[in-house]
Number of protein chains: 2
Amino acid sequence: MKMEKFDGYSYVEGGVCAARGFTANGLNCGINPDKNKNDLGMVFSEAACHAAAVYTQNKVKGAPILVTKEHLKKSNGIARAVIVNSKNANTCNADGIEVAEKVCELAAKELGIGVEEVIVASTGVIGEPLPVEPFEMGMHPLAEGLSREGNIEAVRAIMTTDTVEKEVAVEFNLGGKTCRLGGMAKGSGMIHPNMATTLNFVTTDVAISSNMVQKALSETVKVTYNCLSVDGDTSTNDMVSVMANGLAGNAEITEENAEYEVFRQALCIVMQNMTKMLAADGEGASKFLECACSGAKDIDTAITVAKSVIGSSLLKCAMFGEDANWGRILCAIGYADADFDIMKVNVDLVSAAGTVPVCRNGAGVEFSEEFAAKVLAESEIYINVDLQDGGCQAKAWGCDLTYDYVKINGDYRS
Amino acid sequence: MKMEKFDGYSYVEGGVCAARGFTANGLNCGINPDKNKNDLGMVFSEAACHAAAVYTQNKVKGAPILVTKEHLKKSNGIARAVIVNSKNANTCNADGIEVAEKVCELAAKELGIGVEEVIVASTGVIGEPLPVEPFEMGMHPLAEGLSREGNIEAVRAIMTTDTVEKEVAVEFNLGGKTCRLGGMAKGSGMIHPNMATTLNFVTTDVAISSNMVQKALSETVKVTYNCLSVDGDTSTNDMVSVMANGLAGNAEITEENAEYEVFRQALCIVMQNMTKMLAADGEGASKFLECACSGAKDIDTAITVAKSVIGSSLLKCAMFGEDANWGRILCAIGYADADFDIMKVNVDLVSAAGTVPVCRNGAGVEFSEEFAAKVLAESEIYINVDLQDGGCQAKAWGCDLTYDYVKINGDYRS
């Protein structure tokens, strides 16, 4: 997938290690019996960071979520490290909190930092006890191996059914200082991402207060990460965290000024790219889908409509079958919980092969099935919906529903 | 699937023709190029009926929905016939209303009744013009062939991806009079039935006012038909209608008395059975799923939780894979938009092979994977959720998510 260009920002290598002062590592500590797969990852900042996080809205919350929340509260939003494991979500276990705390203690001891400066996360199967022994064995070599090139090992440690590493970083300028912001992500079950676990860790050397990091994160999540989801619900272990260590040396951002906007856009660029990577690598996906809703009277209407289209299982199947069944799209627009006039809606199907207008003012228009088939044969499909009702727009992302999705999720635990 | 027994009600044959005075028929009139498949169905009452209907909530409404609404308004809730076609939904067509009206005129003329006494429905592909010619050709033989045994031909006329005919009828007593109530249904896309078309037509010889029929229908739909759906949204053409011709000779029901309750329960029995049949025959389904939520503080909480579990694609895949991944269930309970304490939730997996308690007070309990595999190998799986928070309960129904679902919906239009 080609990454969209933005003036003033350039893409750089390095993921969570792109920004100054960050190191990372990953290895197999024995939670995953497959020794070739990393199951434990770490990100570390040589300087204290202002940190912020957003968590799942699910009533069932993984123990690591509760522990991270408590830590950031105790430390007043200061963090130094992320410790994360895959293969076991440490959720719905009687001793979950205790285990998550122990993992943080082990990490803090190795790194010589306070336990409340550790952000902890887990992803994998729910309801299976998570033993501490693998962490006891793995923590020392993990910390010892931290390096500026460790981002790839770290991102591999959070992969579950992911088929590709997902990381993005950008470089930009703030008051004459060169800054970087990068992140890594994992995600699965892109049909209803609200039911899968998605983790995002972002690092930056920008100097910015915890409050402003939190504000930028909350604003950005709404139009990126949450636009993968059908209804805003999330899984038990979802988490996005941002750590800002200030080593770029810019004047600290403490209010909504021009510098804040530059930072917020950097975060948005990185998170939007990771969101699109998550969509493209959805379980069993053969096609990336993007729905852009324009002409909405407000941003919430645009988001609701775009998410409704992307969330339709019937549309996802039709895209897999390369079937220009635009009735599925109009149906999904029609049951979106938003206020607009369905008789004004236009829909186009777009890909590298061209554009097929399929609906004008709520009614079907004739099109060549042959050409539509050519357009839908591409691997990236764009569904453009125009409500003709205002100037706001939003996008949502997903993938098609395939045989492989069913196969992957029919026997997830083994 | 075994039908549940209810005191005072016995199941009888005949579907929409079970009640006195109703005849039906179905045939191929050429909308479906496969001449072996019926595409046009009719139900007729020799006496005027008090009728009621509920319709899709989708902003995109099929033309037949709009025409039926208008007819029942004009006729003050009096109807005599249903005319229904499959293979083409007559939705999003510029001349849709005109065509639907013309179909009603043709039916009314053949039957010698008023055009406003005709209920019209269509199911099939959206956005393809529906020609009138097949109806002109088919209406005469259709009406001429109406018979007391025509219920099977009629139900076959509304099948799309359905693999079995769905009809149910019961006999019961009202004030010394033997009464009957029966229905036929079609449905597809049981993953998100809100996005498919589901039609239900119910007939009865009970004497009851239009207002009370409407009340009973609205109450019953909430706990049957709508519990197949994920979020209460519906497709463009969904409709449930009830026609009561009064030929049983009971004193007309005009208020919420004991007789109303007997009628309401008859309607509930028939609609609940049809709902379960729709779930079991979900597209590509290999297993029927029922989630019963008990111990809820109110009925709406129970409905919300049960529907959340049944609506989870990840759970559906796990059931297809016969994987006792109860974390998926707890996750779906957790994101249900209702108020309860997740730390009190108990979950059992139940089938003809036995019961596996998998969760107590929000935490996993040990169970034999071998026994769980035996339980999940059955074709009807019951997921029992106890919120331990009150005395209310509700059920929701669905099916597993299989390779065949993807196949069927990948190329629906051909």
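Read on for an overview of the structure. Computed from a prediction, not measured in an experiment: that's the story for all the values here.

Overview of the overall build of chain A
A count of helices and strands for chain A gives 11 helices and 15 strands. Against the globule reference of 22 Å for 414 residues, chain A gives a C-alpha radius of gyration of 22 Å, in line with a compact fold. Structurally, chain A occupies a C-alpha span of about 70 × 50 × 35 Å along its principal axes. In chain A, the proportion of contacts linking residues at least 24 apart, taken out of those at least 6 apart, comes to 79%.

Quick word on the sheet that holds strand β12 (residues 354–360) of chain B
Residues and elements named next belong to chain B. Strands sit in the order β13-β12-β11-β14-β10-β15 across an open sheet of 6 strands; the sheet is mixed. Edge positions in the open sheet fall to β13 (363–364) and β15 (392–399), since each of these has one partner strand only. As judged from the 5 bridges shared by strand β11 (residues 346–351) and β12, these two strands associate in the antiparallel manner. Across the sheet, residue Leu 349 finds its bridge partner in β12, namely Val 356.

Overview of helix α5 (residues 210–223) of chain A
All names here are of chain A. Taking 1.5 Å as the rise per residue, α5 with 14 residues should run 20 Å; its terminal C-alpha atoms sit 21 Å apart, in good agreement. The complete set of buried residues in α5 reads Ser 210, Met 212, Val 213, Ala 216, Leu 217, Thr 220 and Val 221. Seen from one end, α5 has its buried residues packed into an arc of 160 degrees, which puts them on one side. On its buried face, α5 sits against β3 (40–55), β9 (239–244) and α6 (258–280).

Remarks on the environment of Val132(B)
Residue and element names in this part refer to chain B. With respect to the element layout, Val 132 can be found in the loop between β5 (118–122) and α3 (133–144). Val 132 gets classed as buried once you look at its relative accessible area, which sits at 16%. Apart from residues lying up to four places away in sequence, Val 132 is in contact with Val 99, Lys 102 and Leu 106.

A word on unusual backbone geometry
All names here are of chain A. Even without a glycine there, the phi angle at Cys 92 is positive, about 65 degrees. Tracing the chain through its elements places Cys 92 in the loop between β4 (78–85) and α2 (96–111). You can call Cys 92 buried: its relative accessible area is 13%. We note that Asn 361 has phi near 50 degrees; this positive angle belongs to a residue other than glycine. One can find Asn 361 in the loop between β12 (354–360) and β13 (363–364). For Asn 361, a relative accessible area of 42% translates into the label partly exposed.

Here we look at the side chain of Ser86(A)
All names here are of chain A. Residue position: Ser 86 is located in the loop between β4 and α2. Classification of Ser 86 by relative accessible area gives buried; the value is 2%. From its side chain, Ser 86 meets the backbone oxygen of Ala 157 in a polar contact 2.8 Å long. Dropping the residues within four chain positions of it, Ser 86 is found in contact with Ile 31, Asn 38, Asp 39, Thr 123, Ala 157, Ile 158, Met 159 and Thr 160.

A look at the pattern of salt bridges
Residues and elements named next belong to chain A. The tally for this structure, following the rule as stated, stands at 34 salt bridges over all chains. Between Asp 300 and Lys 222 there is a salt bridge, with its nearest N and O atoms 3.1 Å apart. With Asp 300 in helix α7 (residues 299–310) and Lys 222 in helix α5, the pair connects residues that are 78 residues apart, well separated along the chain. Using a relative accessible area of 38% as the deciding quantity, one classes Lys 222 as partly exposed.

Some thoughts on the sheet that holds strand β14 (residues 380–386) of chain A
All names here are of chain A. As summarised here, the arrangement of the 6 strands in space is β13-β12-β11-β14-β10-β15, forming an open sheet in which the pairing is mixed. Each edge of the open sheet carries a strand with a single partner, namely β13 and β15 (392–399). Judged from the 7 bridges that link them, strand β10 (residues 288–296) and β14 form a sheet pairing that is parallel. Paired with Leu 289 across the two strands is Ile 381, which belongs to β14.

Some details on the packing of helix α1 (residues 63–74) of chain A against α2(A)
Residues and elements named next belong to chain A. Relative orientation of the contacting elements α1 and α2 amounts to 55 degrees, with a least axis distance of 8 Å. On the basis of their axis angle, the class for α1 and α2 is oblique. Crossing hand, α1 versus α2: right-handed. The segment α1 lies against α2, with Ala 63, Pro 64, Leu 66, Val 67 and His 71 engaging Gly 96, Ile 97, Ala 100, Glu 101 and Cys 104. Residues of the contact of α1 with α2, tallied by class, amount to 7 nonpolar, 2 polar and 1 charged.

Comments concerning the packing of aromatic side chains
All names here are of chain A. Scanning the model with the defined rule gives 4 aromatic pairs over all chains in all. When the ring of Tyr 9 is compared with that of Phe 172, the centres are 5.5 Å apart and the planes differ by 40 degrees; the resulting orientation is tilted. Here the residue Tyr 9 occupies a position in the segment before β1 (10–11), and Phe 172 occupies one in strand β6 (residues 166–174), the gap between them amounting to 163 residues. Relative accessible area serves as the criterion here: at 3%, Phe 172 is assigned to the buried category.

Brief notes about the side chain of Asn32(B)
Residue and element names in this part refer to chain B. Mapped onto the fold, Asn 32 is located in the loop between β2 (22–27) and β3 (40–55). By relative accessible area, Asn 32 is classed as buried at 8%. At 2.9 Å, the side chain of Asn 32 forms a polar contact with the backbone nitrogen of Asp 34. Filtering out sequence-adjacent residues up to four positions away, Asn 32 remains in contact with Lys 37, Asp 39 and Lys 87.

Remarks on the packing of α7(A) against helix α9 (residues 326–334) of chain A
Residue and element names in this part refer to chain A. Viewed as axis vectors pointing N to C, α7 and α9 meet at an angle of 135 degrees, and their least axial separation amounts to 8 Å. Relative to α9, the element α7 is oriented oblique. Considering only the axes of α7 and α9, their crossing is right-handed. The segment α7 lies against α9, with Val 305, Ser 308 and Val 309 engaging Ile 329, Ala 332 and Ile 333.

A look at helix α10 (residues 369–376) of chain A
Residue and element names in this part refer to chain A. When we look at burial in α10, the residues that qualify are Ala 372, Val 375 and Leu 376. An end-on view of α10 places all buried positions within 90 degrees of arc, on one side of the element. Within α10, the exposed residues directed more than 90 degrees away from the buried face are Glu 370 and Lys 374. The inward-facing, buried residues of α10 abut α8 (313–320), β11 (346–351), β12 and β14.

Digging into the pairing of strand β5 (residues 118–122) of chain A
Residue and element names in this part refer to chain A. For β5, the buried fraction is high: 5 of the 5 residues fall into the buried class. Alternating positions in β5 separate into two faces, Val 118, Val 120 and Ser 122 on one and Ile 119 and Ala 121 on the other, with burial throughout. Handedness of the crossover is the feature at issue here: the chain leaves β4, passes through α2, returns alongside β5, and the resulting connection is right-handed.

About the cut-offs
- Residues numbered from 1 in each chain as written.
- Chains lettered and ligands numbered in written order.
- Predicted model: local features only at pLDDT ≥ 70, side-chain atom pairs only at ≥ 80, totals over all residues.
- Heavy atoms only, no water.
- Helix = DSSP H or I, 4+ residues; strand = E, 2+ residues; numbered from the N terminus.
- Rg over C-alpha atoms; globule rule 2.2 N^0.38 Å.
- Contact = heavy atoms within 4.5 Å.
- Pairing = 2+ DSSP bridges.
- Expected span 1.5 Å × (residues − 1).
- Buried < 20%, exposed > 50% of the residue type's maximum accessible area, 1.4 Å probe, protein only.
- Arc of directions from axis to C-beta.
- Polar contact = N/O pair within 3.5 Å; in protein donor to acceptor, adjacent residues only side chain to side chain.
- Salt bridge = Lys/Arg side-chain N within 4 Å of Asp/Glu carboxyl O.
- Axes fitted to C-alpha atoms, helices over the stretch in contact; angles between N-to-C directions.
- Parallel < 35°, antiparallel > 145°, perpendicular 65-115°, else oblique.
- Left-handed = near helix turned anticlockwise from the far one by under 90°.
- Nonpolar A, V, L, I, M, F, W, Y, C, P; charged D, E, K, R; others polar.
- Phe/Tyr/Trp six-rings, centres within 6.5 Å; stacked < 30°, edge-to-face > 60°.
- Right-handed = clockwise from strand over helix to strand, strands pointing away.

By themselves these figures say nothing about function.
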